[in-house]
Number of protein chains: 4
Amino acid sequence: MKTIKPLRDKKDMATLLIHCPDKQGILATVTEFLNQNKGNIIYLGQHVDRQEKIFYMRVEWELDGFSIPKEKIGDYFETLIAVPLQMEWKIYFSNHVPRMALFVSKMPHCLFDILSRYTAGEWDVELPIIISNHETLKPVAERFGIDFYYFPITNENKAEQEVAELELLKENNIDFVVLARYMQILSKDFVQNYPNNVINIHHSFLPAFAGAKPYHAAHERGVKIIGATSHYVTSELDGGPIIVQDVTRCSHVDTVQNLIRKGRDLEKIVLSQAVYKHLQRKILVYNNRTVVFN
Amino acid sequence: MKTIKPLRDKKDMATLLIHCPDKQGILATVTEFLNQNKGNIIYLGQHVDRQEKIFYMRVEWELDGFSIPKEKIGDYFETLIAVPLQMEWKIYFSNHVPRMALFVSKMPHCLFDILSRYTAGEWDVELPIIISNHETLKPVAERFGIDFYYFPITNENKAEQEVAELELLKENNIDFVVLARYMQILSKDFVQNYPNNVINIHHSFLPAFAGAKPYHAAHERGVKIIGATSHYVTSELDGGPIIVQDVTRCSHVDTVQNLIRKGRDLEKIVLSQAVYKHLQRKILVYNNRTVVFN
Amino acid sequence: MKTIKPLRDKKDMATLLIHCPDKQGILATVTEFLNQNKGNIIYLGQHVDRQEKIFYMRVEWELDGFSIPKEKIGDYFETLIAVPLQMEWKIYFSNHVPRMALFVSKMPHCLFDILSRYTAGEWDVELPIIISNHETLKPVAERFGIDFYYFPITNENKAEQEVAELELLKENNIDFVVLARYMQILSKDFVQNYPNNVINIHHSFLPAFAGAKPYHAAHERGVKIIGATSHYVTSELDGGPIIVQDVTRCSHVDTVQNLIRKGRDLEKIVLSQAVYKHLQRKILVYNNRTVVFN
Amino acid sequence: MKTIKPLRDKKDMATLLIHCPDKQGILATVTEFLNQNKGNIIYLGQHVDRQEKIFYMRVEWELDGFSIPKEKIGDYFETLIAVPLQMEWKIYFSNHVPRMALFVSKMPHCLFDILSRYTAGEWDVELPIIISNHETLKPVAERFGIDFYYFPITNENKAEQEVAELELLKENNIDFVVLARYMQILSKDFVQNYPNNVINIHHSFLPAFAGAKPYHAAHERGVKIIGATSHYVTSELDGGPIIVQDVTRCSHVDTVQNLIRKGRDLEKIVLSQAVYKHLQRKILVYNNRTVVFN
């Protein structure tokens, strides 16, 4: 339920994300393909990793007037461009609004931040369900009119509960999952259902202080700066591709409680910035690192 | 209506904020006064402005066991300490929960951020009323169960509407006002009713880009960093004492719309940080500048 | 005199900087031109300002194996590409090491920073002369073995001295000038000899506190963050295109002297980062704003 | 050899650094002691760690007019104040200019930054000797007129060379040592000669990427922010009390070489800021953490 929906310019757009071994002429080939078919490019970002010799590209163009019918673009691109150039690629169409599920536990700050943006119409996303291992935040979900599902997790029922959660995600046609301070580790099996589509927020400047209680560890170590890290979840705990990081200063006057309080502001902004980049299709993952286009 | 109220350690505390001409022994005199009367100091901050020769101090102590009865502390302090040392001072007691009113217009991001913190119990504050010159955000206020008052403003009715607003504030025993992107300039008369108790957020790094449309001006000037500034409102537009500022990087790729989007995150955090400092009684104002204790 | 010269990979490169009215196919046209002539592109950056409808591009390629002889590239590019597309463009060759002149007054921190980088071989630049309106820093120049020229400036002799300075710059084939805290305003005439080739450091976060004594003004205003700004000099004081800005936090405890001390670290880094970008030919100026490529 | 020596206000000052178990009245006791003996306090900083129940204090006062002769202050303070309150304390007198030794290897940026500040008179310090395990930077030392000592280190001669280095430090009455990118680990024995008086710069945001090649590791991990950390050296590698940290943003476009280049600017500023705080006697160490006064 969005109450404050801004008017939006909803031209039909297509976005291609590409990576492939680098060689001369890739960029010209792709832009020529779009130009010749009358695609008006409105954004083009490219990057070459000289060391790994990988070419990355993101291009967005208007579908209005494009010679190739939308449903055939993928097929044509695959045959004419991708196969000869050994590309891996994905295409997205702006008229598909992505569907997001939130996982939360007890802390409300990231949940509130996401619900506020959703309700204010900041993001082009649907948010049909919130899933939690506690009932604490049910009143928040209700207040914003989002369905809330309670899946208590124990060592014994974890596998089974994850199966039920996955089913619920499929039923709701969920495209990606956001862990908004969800204090449970998802199993490898679960994550493999959504590769590069589960976004987590970790409350430290990774790789420092991975794992539990990072603010306590930061205080113990006497650091002068604390941070937060959003990343895609992989099978390695807090080891997935980093999307956004930010930091704030602290000092000897800060207790652990202060660090936790300051950290909340970092966490919610860093997580929401990652979700925004994800929604814009501006992130490519390769070799456990992200390319995040402007 | 707060749904997620954390347990809080609610010992009775008193907080003194003091400034006076600097001379030897002030700090010893004040701490002696508290020690001799068995006040357990749990926070002490002091600062001397060498140039202006002003002494600033904030001290917080437990009332439990303090020899002077709470209602007489002010009297004793005035006579024994403040008059001889030419102090200006204020005392606050932790058992009075401050009462805040919000003024908003159409943009919801600061409102949502404040309501989220209020609901999550991050702040020790009461929030009985929201006032607006537009009806746009009424559904948000209702969703959080806060009374919403609509005061449309025209050149003709402004003075009269402000009188009505002030009446409403008095009826609700409002201690301080937060302008959460309220797009109206309050009259000098209005502000004088709440000296150093009206907090505004300006969407630029003041004093750069005071006044209207700062993001447009920042884009036009081609700055590489944008900012936000929270300050107490005085009779001079965007000229009051600065409380908190923060900035974020931008570049030639950022359109005005991007700056506005990035700026929203700054604005809400910077405003909420100022409100938090204000609630903690950590701000002293002197000579149009703030002393913000740690 | 450079003492610590690192080995450098000195392949012959060409760099094109382009801007023109945006239309379909510019990028493909330029990359096709380079590809067909066997230019191995090693960097490509482009940006379209949708609002102003301007296309910006920077491309760098290896000259080794390029079909068009170096001395004819400009001619061919002008005829075949630039004229049809109404481009403004510049070409740079990596085998021309740019020649820089420094202007200083009495403060040594920016001078030391630049001389250190120069001596350490961080930059690919020649630095034949240092010019000053005071003799204070002559020993520093001598210590680094750079010729130092003293041009005292009065209201009466300013025009005449600038003529002499310009002559000295021409004799030394100076490509660009860096004002490393040079506390004199250069005349419009002087600057017009080096359009977008005079880099200044201003000790504030422009446009806040333009003009004299910005740290005093910042202290007076009670800001919580101070900054520094490097920009190209134009006829408008502190009004030229901004290249790099950076900031650091301050508080009520900071005296003007503290701000000056903290500011020095900002100034020297921000100025040197601007010089580095300039040396890399990564800056395009349009409409008093910069496009700074990654 | 300092060429640009600023005039400095050199009133005789004393500085006390204190920590002790917290209890009521410590602050009043110390300030009373100074007031009664006519010490004009010009700086007072205090902090209580509520969790560890430790009181920290730094106080600086003018010796002119102080009733207790300078050479007896320590004795009186110990007997009258420190013993009853179980204090650990140190006293410093401003007329003793601290003597610093630099250790370097091959990278010049931190060395240049320190020599520049020293020569410009930014710091009140003597710098009689530079020690290195390579001859690379000898010309830099010579240019600034500082004695340079070459101690090549092998696994075999390390213990013996350290003994010789220590002797040289003693001969030169060195108070503290700065490792300005010295790429050798000092032995535990060496460090114990200068407890909390060996300052190192580590080129990462500790505790992330401790040990060798942190920029390579940061690139590999795909972080979005890199940092630098200055700390006192202890027997644990990169594990000593942190003094200053700072960070800068990076992205997928940054190669390892770029990170190294960006990192140099961080390293030199962060190291010099730590040295400045150390020279000002503003750092207290307790429990492997620092209290850094404003």
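Each value, and the rule that gives it
Starting from 1, residues in each chain are numbered consecutively following that chain's sequence as written. For naming, the first written chain is A and the first written ligand is 1, with later ones following in the order written. Given that the model is predicted, a residue must reach a pLDDT of at least 70 before its local features are reported, and side-chain atom pairs must reach 80 or more before they are shown or counted; all residues, however, enter totals for whole chains, interfaces and linings. With hydrogens and water excluded, all non-hydrogen atoms of the structure serve as input to the side-chain values. Each domain's extent is set by a domain assignment, obtained either automatically or from a database. The contact criterion used throughout is that any non-hydrogen atoms of two residues lie within 4.5 Å. Buried surface area refers to the total accessible area, computed with a probe of radius 1.4 Å, that the two partners give up upon joining, counted for both partners together. Criterion for a salt bridge: a side-chain nitrogen of Lys or Arg within 4 Å of a carboxyl oxygen of Asp or Glu. Only DSSP runs of H or I reaching four residues or more are called helices, and only runs of E reaching two or more are called strands; each is numbered from the N terminus. When residue character is reported, Ala, Val, Leu, Ile, Met, Phe, Trp, Tyr, Cys and Pro are called nonpolar, Asp, Glu, Lys and Arg charged, and the others, Gly included, polar. Copies overlap after least-squares fitting; the atoms used are the C-alpha atoms of residues with pLDDT of at least 70 in both. Pairing of N or O atoms within 3.5 Å defines a polar contact, subject to two protein rules: one partner must be a possible hydrogen donor and the other a possible acceptor, and residues neighboring in sequence count only if both atoms are side-chain atoms.

## Quick word on the domain arrangement of chain A
Residues and elements named next belong to chain A.
- Assigned domains within chain A: domain 1 (13-93) and domain 2 (99-292).
- Look at where the C-alpha atoms of domain 1 and domain 2 centre, and you get two points 31 Å apart.
- Taken together, the contacts link 13 residues of domain 1 with 10 residues of domain 2.
- When domain 1 packs against domain 2, the two sides together hide about 980 Å² of surface, and 64% of this comes from carbon and sulfur.
- Taken together, domain 1 and domain 2 are joined by one salt bridge.
- The shortest N-O distance in the salt bridge between Arg-289 and Glu-52 comes to 2.8 Å.
- Those elements giving two or more residues to the side of domain 1 that touches domain 2 turn out to be strand S1 (13-21), strand S2 (40-49) and strand S3 (54-62).
- Of the residues that constitute the side of domain 1 that touches domain 2, the class distribution is seven nonpolar, three polar and three charged.

## A short note on the relation of the copies chain A and chain D
- Screw-axis analysis of chain A against chain D gives a translation of 0.0 Å along the axis, an RMSD of 0.0 Å, and a rotation angle of 180°. The transformation just described matches what one would write down for a two-fold rotation axis. Identified as the residue of chain A closest to the rotation axis by C-alpha distance is Ala208(A), at 2.2 Å.
- When the interface residues of chain A are mapped onto chain D, 100% of them again lie at the interface, so the same face is used by both copies.

## Here's the deal with the interface of chain C and chain B
- Taken together, the contact pairs 31 residues of chain C with 31 residues of chain B.
- One salt bridge in this structure joins Arg249(B) and Asp246(C), with 2.9 Å as the shortest N-O distance.
- The interface formed by chain C and chain B contains 20 residue pairs in polar contact (both at pLDDT 80 or more).
- Secondary-structure elements contributing two or more residues to the side of chain C that touches chain B are helix H7 (214-221), strand S11 (242-249) and strand S13 (289-292) of chain C.
- In terms of residue count, S11(C) provides more of the side of chain C that touches chain B than any other element does, six residues in total.
- Per-class residue counts for the side of chain C that touches chain B are 14 nonpolar, 10 polar and seven charged.

## A word on the interface of chain A and chain D
- Each side of the interface is counted separately: chain A has 31 residues, and chain D has 31 residues.
- Carbon and sulfur atoms make up 57% of the surface buried where chain A meets chain D, a total of about 2800 Å² over both sides.
- The largest contributions to the chain A side of the interface with chain D come from Arg221(A), Lys224(A) and His252(A), which together make up 25% of the buried area.
- At the surface where chain A touches chain D, the tally comes to two salt bridges.
- The tally of links between chain A and chain D comes to 20 residue pairs in polar contact (both at pLDDT 80 or more).
- At the level of secondary structure, the elements contributing two or more residues to the side of chain A that touches chain D comprise helix H7 (214-221), strand S11 (242-249) and strand S13 (289-292) of chain A.
- Sort the elements by how many residues they give to the side of chain A that touches chain D and S11(A) lands first, with six residues.
- The residue makeup of the side of chain A that touches chain D, split by class, is 14 nonpolar, 10 polar and seven charged.

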